[in-house]
Amino acid sequence: MKLSDVMSAMELHVFAEVAFVIAAAAFAAVVVTTFLRRNREPFERARLMPLTGDDEVIDR
Amino acid sequence: MTERIERFVYDDAIVRMFMLATLVWGLVGTLVGLVIALQLANPMFNFGLPWVSFGRLRPLHTNAVIFAFAGNAIFTAVYYSSQRLLKARMWSDLLSRLHFWGWQGIIVAAAITLPLGLTQSKEYAELEWPVDVAIALVWVLFAVNFFGTVARRRERHLYVALWFYIATIVAITVLHVLNNLVVVAGPFKSYPIYAGVQDAFMQWWYGHNAVAFFLTTPFLGMMYYFLPKAANRPIFSYRLSILHFWTLVFIYIWAGPHHLHYTALPAWASTLGMLFSVMLWMPSWGGMINGLLTLRGAWHKVTEDPVLKFFVVAITFYGMSTFEGPLLSIKSVNALSHYTDWTIAHVHAGALGWVGFMIFGMMYWLLPRLFQAELWSRRLAELHFWIGTVGILLYIVAIYAAGLTQGLMWRAFDETGRLAYPDFIETTVRLIPMYWVRVIGGSLYIAGLVLLGVNVLMTWRARPARYAEPVHEAPALTSARAAGPAAGGAGWAGWHRRWEGLPLTFSVWVAVAVAVASLFEILPMFLIQSNVPTIASVHPYSPLELAGRDIYVAEGCNNCHSQMIRPIRAETMRYGEYSKPGEFVYDHPFLWGSRRIGPDLQRVGGKYPHLWHVRHMQDPRSTTPQSIMPAYPWLARDHVDWRAVGRGVRAQVTLGVPYPRDTAANAAALAKTQGQQIAGEIVQQGGPAGLEETKMVALIAYLQRLGTDIKQTTATAAGAGGPGR
């Protein structure tokens, strides 16, 4: 028996629909944890990284 | 423990090279776009020449602006910002140069092969297999150089721009390889391993994600780096950028099937594509808001600085396009918009507004830094901004109007329930004034590019005799520092901080996000038999029909004609029975098209006599007054390559197409016999003699076969019943 026979018999396109629900739940979880107030500070230094000033216009 | 301080110099020469290539290919790509815009406004601009006919030039335009203009801009941004964010010179100067020259060689190869009609036909993946192999090799060089630089960085933390670059490198590798798996049938000829529905699915999984991971993620990286630099303010919210990144990477990859609503694609895949497309609105607008709010307190600078003007308009277009994209993915909206100019307007709002203006903003910001001289003319840059903006608005307003006009006319019924505009040409002629407005808008945009070119040239001329190479210092990233604890944070966000210092782990998670989402769609699509119910009366193409199909592909007919009738009343009344998945099982590649500049051809077989086709292709205006189709006189002169016919059939056999053994062995002879029969019928109908070995006859053989299989007998479903929807 081939894998396609097994998948056809199991109607596995439901997988994709289940994945959609999981993705939506994961998204909600990521939103909540990312924006918890206690996680604010660690990202402050990272915000400033592009502004290191090592590519100023060279004044001749 | 004292930290060892290291000194290093950035490689800006490679950035200058990519930036100049961006300008040159930007001009070439948009000029080709102007030529094809003129061809749609008036077909005389096809000049009766095969190499510049619309079907061959359109893919050259899209490839040039995506992979040459945007591609070189991406590399400009990556090479400039990565070195500074990682505090390291690129890992290998040699790899940088090989990458640059290899990529330019690929672009030149595209500029030669596409006008010659050497194409795989799949949108944004037209280039034939030798060029695809070269793309893969050069992309690997780029990836090795990038990750080599990451490995020897002096900054532990990877800034958000770098995450977007990593996602681009990982995802494009997967997309390019999986959508270009082919069986080779000649030096510049191949057939995809997928057929029909599955080929369409793979193509639009690729096509939409090419937009995602070539025209979006690297440009978001660009936004997250260059916007704070230009505004001299940090990004509004780093946490929002985390959300933006992961949701975009995970969700985008599912959205491709929305390009195939109401087609023969199974409905579950189509619905899934729609749902994820609608969800994409959230991360996209999160990114847009993050970009615009970065300018809080700095809006006064926008009035003075052309760089910020370009960035603000670009990000606004990003917001507009990413609102419109989910809107267009909703099935009921898509039923109106699909195959019309609405999609073209949407694409150009994104390409000219978002991609183009991000590039121009970046270039104006880089010019004084890379050429170490003051920008030659700020006023010229301001002028570029304004005529570019007006050009975009003229272009998109005209083409939105054209798309809506077209869609509404196609589906309009009169009071008796018949089509209000049964003749397709009526709906084409109505658009011509809007096509001329597009020509004006496009010309203004190109004029802006020329002004940029003048500014680049004059700034370059003011460069120093020898570029200064500032030496930078930073503590070495020892293994202890690299593996050190993250800078605090609790829960998931704390883990994310750790990943941001662990590039390998980070890249693996990006690959997992891309792969998992892809597999949830791809595996059921390929492994569930009921997705494509077979039809007993559908047989492989005859050798001559296959040769004709190859000519259809080479001439780019699929750029204007669809072969997919949706189960919508206005379509079945206009074109005939709706398309079934089982009708395409031998179609390597699928040719459903994405645009109807001309009518659908799925049921054109037997609709007209052979002679009508001869006259139509020699002079479309002789059979359809006011037609904007190019003439194809060379098809009546050029002969079929009979050896290629044999190679083509053998390649199809390799792909599993069930040709009888003697068909493959005698393909050329069988094709010649059918050619003589059709040529004889053309003469009987009062047409010219001597066409039996020409490409014209092969193409007619293919067109007369289209859509006729299901008329042979009553369709018999093997496997699951029903049309799979």
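Residues numbered from 1 in each chain as written. Chains lettered and ligands numbered in written order. Predicted model: local features only at pLDDT ≥ 70, side-chain atom pairs only at ≥ 80, totals over all residues. Heavy atoms only, no water.

**Overview of the overall build of chain A**
The helix and strand inventory of chain A stands at three helices and zero strands. For chain A, the N- to C-terminal ordering of α and β elements is α-α-α. Each of the 60 residues in chain A was classed as buried or not, and the buried ones make up 33%. As presented, chain A carries roughly 3900 Å² of accessible surface, and 65% of it is formed by carbon and sulfur atoms. (Helix = DSSP H or I, 4+ residues; strand = E, 2+ residues; numbered from the N terminus. Buried < 20%, exposed > 50% of the residue type's maximum accessible area, 1.4 Å probe, protein only. Areas by Shrake-Rupley, 256 points an atom, 1.4 Å probe, with all protein chains shown as cover.)

**Notes on the overall build of chain B**
Looking only at helices and strands, chain B has 28 helices and six strands in total. Computed over its C-alpha atoms, the radius of gyration of chain B comes to 27 Å, within 12% of the 27 Å expected for a compact globule of 725 residues. Along the longest, intermediate and shortest principal axes, the C-alpha atoms of chain B span 90 × 50 × 50 Å. Counting across all 725 residues of chain B, residues that qualify as buried make up 64%. Restricting to contacts in chain B with at least 6 residues of sequence separation, those with at least 24 account for 83%. Accessible area for chain B stands at about 25300 Å²; split by element, carbon and sulfur atoms hold 66% of it. Here chain B holds 56 positive side-chain charges and 41 negative ones, and the gap between their average locations is 7 Å. (Rg over C-alpha atoms; globule rule 2.2 N^0.38 Å. Contact = heavy atoms within 4.5 Å. Lys, Arg positive; Asp, Glu negative; His and termini not counted. Charge placed at Lys NZ, Arg CZ, Asp CG, Glu CD.)

**Regarding the packing of helix H6 (residues 196-214) of chain B against helix H19 (residues 503-527) of chain B**
Residue and element names in this part refer to chain B. Interhelical geometry of H6 versus H19 gives an angle of 165° and a closest axis separation of 10 Å. Taken together, the axes of H6 and H19 are roughly antiparallel relative to one another. The handedness of the crossing between H6 and H19 is right-handed. Within the contact between the two elements, H6 uses Val197, Gln198, Phe201, Met202, Trp205 and Phe213 and H19 uses Val514, Ser518, Glu521, Ile522, Met525 and Phe526. (Axes fitted to C-alpha atoms, helices over the stretch in contact; angles between N-to-C directions. Parallel < 35°, antiparallel > 145°, perpendicular 65-115°, else oblique. Left-handed = near helix turned anticlockwise from the far one by under 90°.)

**Observations concerning the pattern of salt bridges**
Residue and element names in this part refer to chain B. Within this structure, the stated rule accounts for 20 salt bridges over all chains. Between glutamate 473 and arginine 7 there is a salt bridge; the shortest N-O distance is 2.8 Å. Here glutamate 473, found in strand E4 (residues 472-475), pairs with arginine 7, found in strand E1 (residues 5-8); they are 466 residues apart in sequence, far enough to count as distant. Taking relative accessible area as the criterion, glutamate 473 reaches 51% and is therefore assigned exposed. (Salt bridge = Lys/Arg side-chain N within 4 Å of Asp/Glu carboxyl O.)

**Here we look at the packing of helix H2 (residues 54-86) of chain B against helix H5 (residues 160-179) of chain B**
All names here are of chain B. The contact between H2 and H5 brings their axes to 10 Å, and the two run at 130°. As the angle between them shows, H2 and H5 are arranged oblique. The interaxial crossing formed by H2 with H5 has left-handed handedness. Packed against H2, whose contacting residues are Ala77, Val78, Ser81, Ser82, Leu85 and Leu86, the element H5 presents Ala161, Leu162 and Tyr165 at the interface. Here the contact of H2 with H5 is composed, by residue class, of seven nonpolar, two polar and no charged. (Nonpolar A, V, L, I, M, F, W, Y, C, P; charged D, E, K, R; others polar.)

**Notes on the packing of aromatic side chains**
Under the defined criterion, the tally for this structure stands at 56 aromatic pairs over all chains. Its end group placed over the ring of tryptophan 460 of chain B, arginine 463 of chain B keeps NZ or CZ at 3.9 Å from the ring centre. (Phe/Tyr/Trp six-rings, centres within 6.5 Å; stacked < 30°, edge-to-face > 60°. Lys NZ or Arg CZ within 6 Å of the ring centre and 35° of its normal.)

**Thoughts on the nonpolar core**
Trp103, Phe213, Phe219, Phe226, Trp354 and Phe360 of chain B are the most contacted members of the largest nonpolar core, which totals 180 residues. Core analysis: the next-biggest nonpolar cluster, separate from the first, contains 50 residues, Val604, Met617, Ala667 and Ala698 of chain B among them. (Core = buried A, V, L, I, M, F, W, Y, C linked by side-chain atoms within 4.5 Å.)

**Overview of the side chain of serine 241 of chain B**
Residues and elements named next belong to chain B. Within the element layout of this structure, serine 241 appears in helix H8 (residues 238-252). Serine 241 gets classed as buried once you look at its relative accessible area, which sits at 0%. A polar side-chain atom of serine 241 sits 2.4 Å from the main-chain carbonyl oxygen of tyrosine 238. Once you skip the residues sitting within four places of it in the chain, serine 241 turns out to touch Val160, Trp163, Tyr224 and Asn290. (Polar contact = N/O pair within 3.5 Å; in protein donor to acceptor, adjacent residues only side chain to side chain.)

**Section: the environment of methionine 617 of chain B**
Residues and elements named next belong to chain B. In this fold, methionine 617 is placed in helix H22 (residues 610-618). By relative accessible area, which is 5% here, methionine 617 ends up buried. A C-alpha to C-alpha distance of 9.9 Å links methionine 617 and isoleucine 700, two positions 83 residues apart in sequence. Dropping the residues within four chain positions of it, methionine 617 is found in contact with Met629, Ala631, Tyr632, Pro633, Leu635, Met696, Leu699, Ile700 and Leu703.

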